[in-house]
Amino acid sequence: MVRWWMVLVVLWCAAYAQTPPAMLPASKLGLSVTQENGATTFHKDGLSFTYVEGLGWIPPLEAGLPPPQGAMLPVEVVRAVGLVAAPEAGVRYSASANRLRLVFDLPEGDAVQPTPSSLAPYPGSLELSLPYFAPGLEAVRPAGVGVEARYELQSTLLRLQAPPGRFYRYRTFLLSNPSRYVLDVYYLEPERQETLMPGFRYREVWAWTPEPVRMYWLEAAPGSWRMEPVGRPGERKVLPEMAPGALAILNGGYFDGRTGTPIGLWVRGGVPLSFPYGRSALFWQDGSIFAGRPQFAASVQLMDGRSVRVGVNLNRAKYTAHTLAGPVGRPGENVHIVQGDRIVATYPAPHELPEGYWALTFPAEAPIARTGETLRLMISLEPPTNYALEAGPLLIQSGANVFDPNAEPFRDRAPVEAVAAQSVVAWSQEGALYFIVTEPMRPEALARVLQEQGFWGAIRMDGGGSAQLWVQGRLRNPGNGLLGVRPVVNGLALYPKP
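To keep things clear, this report deals only with the structure shown in the data block. If you're wondering where the values come from, they're calculated on a predicted model, not measured in any experiment. Once a new chain begins, its residue numbering starts again from 1 and follows that chain's sequence as written. Since the coordinates come from a predicted model, pLDDT governs what is reported: local features require at least 70, and pairs of side-chain atoms require 80 or more to be given and counted, while whole-chain, interface and lining totals use all residues. Hydrogens and water are ignored here; the side-chain numbers use all heavy atoms of the structure.

## With respect to the overall build of the chain
Alright, step 1. Helix and strand definitions here come from DSSP, where helices need a minimum of 4 consecutive H or I residues and strands a minimum of 2 consecutive E residues; each element is numbered from the N-terminal end. A tally of regular secondary structure across the chain gives five helices and 41 strands.
Alright, step 2. The globule rule used here is 2.2 Å times the number of residues to the 0.38 power, and the radius of gyration it is set against is calculated over C-alpha atoms. Rg of the C-alpha trace for the chain: 34 Å, well past the compact-globule value of 23 Å for 498 residues, more than 25% over.
Alright, step 3. When the backbone C-alpha atoms are referred to their principal axes, the chain occupies close to 115 × 70 × 45 Å.
Alright, step 4. Sequence-distant contacts in the chain: of pairs separated by 6 or more residues, those separated by 24 or more amount to 63%.
Alright, step 5. Per-residue and other accessible areas were derived by the Shrake-Rupley procedure at a 1.4 Å probe size, with only the shown protein chains allowed to occlude residues. For the chain, the accessible surface area stands at approximately 23,800 Å², while carbon and sulfur atoms represent 53% of it.
Alright, step 6. The average position of the 43 basic charges and that of the 43 acidic charges among the side chains of the chain differ by 7 Å. Throughout, a residue-residue contact means that at least one pair of heavy atoms, one from each residue, lies within 4.5 Å. When charges are counted, Lys and Arg contribute as positive and Asp and Glu as negative, whereas His and the chain ends are disregarded. In plain terms, the charge of a residue is placed at NZ if it is Lys, CZ if Arg, CG if Asp and CD if Glu.

## What about the sheet that holds strand E41 (residues 490-496)?
Alright, step 1. Read across the sheet, five strands follow the order E18-E41-E19-E39-E40 without closing on themselves; strand pairing throughout is antiparallel. Two strands in the sheet have a free side with no partner beyond their single neighbour: strand E18 (225-231) and strand E40 (474-475).
Alright, step 2. At least two bridges found by DSSP between two strands are what make those strands a pair. Pairing between strand E39 (residues 469-471) and E40: two bridges, direction antiparallel. If you follow Val471 over to E40, its bridge partner there is Arg474.

## Some details on the nonpolar core
Alright, step 1. Among the buried residues, those of types Ala, Val, Leu, Ile, Met, Phe, Trp, Tyr and Cys that are joined through side-chain atoms within 4.5 Å form a nonpolar core. Buried residues are those whose accessible area, probed at 1.4 Å on protein chains only, stays under 20% of the maximum for their type, while exposed residues exceed 50% and partly exposed ones sit between those limits. Residues Leu218, Met227, Leu282, Val425, Phe435, Leu450 and Leu494 are the most contacted members of the largest nonpolar core, which totals 70 residues.
Alright, step 2. No other element matches strand E17 (residues 212-220), which puts six residues into this core.
Alright, step 3. The contacts of Leu282, once residues within four sequence positions are left out, are Met227, Ile289, Phe290, Ala291, Tyr387, Ala388, Leu389, Val425, Trp427, Ile459 and Leu492.
Alright, step 4. Core analysis: the next-biggest nonpolar cluster, separate from the first, contains 46 residues, Leu31, Val75, Ala149 and Tyr170 among them.

## A word on the side chain of Asn490
Alright, step 1. Within the element layout of this structure, Asn490 appears in strand E41.
Alright, step 2. Throughout this description, a polar contact denotes any pair of N or O atoms lying within 3.5 Å of each other; where both atoms belong to protein, one of them has to be capable of donating a hydrogen while the other can accept it, and for residues adjacent in sequence the pair is counted only when both atoms sit in side chains. Within polar-contact distance, the side chain of Asn490 engages the backbone nitrogen of Gly253 at 2.9 Å.
Alright, step 3. In contact with Asn490, not counting residues within four places along its chain, are Val230, Gly231, Leu239, Met242, Asn251, Gly252, Gly253, Pro262, Trp266 and Leu389.

## Digging into the packing of aromatic side chains
Alright, step 1. Whether two aromatic rings pair depends on their centres lying within 6.5 Å, for rings of Phe, Tyr and Trp, where Trp uses its six-membered ring; planes under 30 degrees apart make the pair stacked, over 60 edge-to-face, and the rest tilted. Applying the stated criterion across every chain, the model contains 13 aromatic pairs.
Alright, step 2. Taking the centre distance of 5.8 Å and the plane angle of 90° together, the rings of Trp217 and Phe455 count as edge-to-face. Taken together, the positions of Trp217 in strand E17 and Phe455 in the loop between helix H5 (443-452) and strand E38 (457-460) put the pair 238 residues apart, joining distant regions of the chain. There is no split in this pair, since Trp217 and Phe455 are both buried.

## A look at the pairing of strand E22 (residues 281-285)
Alright, step 1. Counting buried positions along E22 gives four out of five residues, so the element sits mostly inside the fold.
Alright, step 2. Counting the residues in the hairpin turn of E22 and strand E23 (residues 288-292) gives two residues, including Asp286, whose phi is positive at 55°.
Alright, step 3. Pairing of E22 with strand E33 (residues 387-390) involves four bridges; the strand directions are antiparallel. Looking across to E33, one finds that Trp284 is bridged to Tyr387.

## With respect to the environment of Ala325
Alright, step 1. Structurally, the position occupied by Ala325 is in the loop between strand E26 (320-322) and strand E27 (326-328).
Alright, step 2. Counting along the chain gives 69 residues from Ala325 to Asp256, while the straight-line C-alpha distance between them is 8.9 Å.
Alright, step 3. Aside from chain neighbours lying at most four places away, what touches Ala325 is Leu353, Pro354 and Glu355.

## Digging into the sheet that holds strand E4 (residues 47-52)
Alright, step 1. Reading across from one edge, E2-E3-E4-E5 is the order of the four strands in this open sheet, with antiparallel pairing throughout. Strands at the two margins of the open sheet, each flanked by one partner only, are strand E2 (32-36) and strand E5 (56-57).
Alright, step 2. As defined by bridge partners, strand E3 (residues 39-44) adjoins E4 across six bridges and the pair is classed as antiparallel. Bridge pairing links Thr40 to Tyr51 in E4.

## Some details on unusual backbone geometry
Peptide bonds are mostly trans, and most non-glycine residues show a negative phi.
Alright, step 1. With an omega of -5°, the peptide bond between Ala349 and Pro350 qualifies as cis.
Alright, step 2. In this fold, Pro350 is placed in the loop between strand E29 (342-348) and strand E30 (351-353).
Alright, step 3. One non-glycine residue with positive phi stands out, namely Asp286, at about 55°.
Alright, step 4. You can see Asp286 is positioned in the loop between E22 and E23.

## Structural notes on the pattern of salt bridges
Alright, step 1. We define a salt bridge as a side-chain nitrogen of Lys or Arg found within 4 Å of a carboxyl oxygen belonging to Asp or Glu. If you walk through the whole model with that rule in mind, you get 24 salt bridges.
Alright, step 2. Among the ionic pairs, Arg79 bridges to Glu88, the shortest N-O distance being 3.6 Å.
Alright, step 3. Here Glu88 falls in the partly exposed class, since its relative accessible area comes to 38%.
Alright, step 4. The salt bridge involving Glu152 is made with Arg150; its shortest N-O contact spans 3.3 Å.

## Topic: H5
Alright, step 1. Buried within H5 we find Pro443, Ala445, Leu446, Ala447, Val449 and Leu450.
Alright, step 2. One or two steps after H5, the chain reaches Gly454, where phi turns positive at roughly 85°.

Have a look at this one:
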């Protein structure tokens, strides 16, 4: 049973318990301290004020102000004596392995606003002058980062010392409603580069989105490289197994994870291994490279020799060829299921197209062939090319940022919207080639970064867990190795040109 007198004691303690006042080191206010005969005196530029044990503060200060603790002064005394006149800002912080974020809660209706700044490097010790009194900085103690403050009449001088051997950047910005001033300080692993052989260089650099994102890339000088698509439709492998002798290998285009069916155009040595899906593709031959939406003409050749123009996959027409397993056709159509060049069955649409077959959908009242007859699918690519691999979206074309999340058919919006590891093939106007993989970021930010880097062209390949860059047999983007290396269906292998 709780007795009445116990309740009174609890209420009395709650009523009179006080949070110890915030204390500031006198030295951070420019004060010197002397102690003699129970009196502590603080001095600065002709200013002097004293606290006496048992009596309190000596006039003109009110005796009842909180006492000092050694050389530590209560904030109430600091204000009362006129050491600070700047508006007070609250301080909060968060810290991670490579970033310290300081958030200053600004006084309501404050007319003094710090000027936002863009990212800028600093040599290891960062000093900023804030037009506020921010005593909360005394509680900011992130691991590995030195935080020091000096309090002036109209400002707080902030000094940050990040861990040694790091690469430093900072940014500031304002938030409104309520007003907050945010300072982000980044201390990152250094950028690095490695010459692999004449004409080939591996680099790790930071991009700013504005958050820092690590980019891993392989650069091949104009005229030094030869690139080939590797892999086999329907078969998933770890990239180095596809091209053991390649100097570097990057993951390729999209594929169905269950069946290993490539999604989109795939041309090797002039021979199409997979047909267009309808998104942007990478084209190259003899050292020239470009990307765009493939232009192609498709037709089916009937048993009597006649040819009929058809659409392919998402590029529908009255008669449409489908090369990807899954449901095909619309109500009111019929579906020819074709194995090789022979129609093996006909069904009402929609119907499930099995793996290893292709289909022709057509108006139920307008058939052009029958079950058991031959039907040959033929596609001509414009312009003709030796090599092509469909991926997308297109990011950079002729030096311009052309990223448009709605320009290409992505039913799954992750490749155009999600924060994920990105995989890119990029090139310069002179013909230098780049394999690039990034830490997780948005494709929109990636396009901006690539344009800022001055690339002439760039296209996104398959991303997320598939994004991999192997150089000299070693995976260089370590994030994707955490859950094991993902097997993929195709890749782009890079070799030194003889």
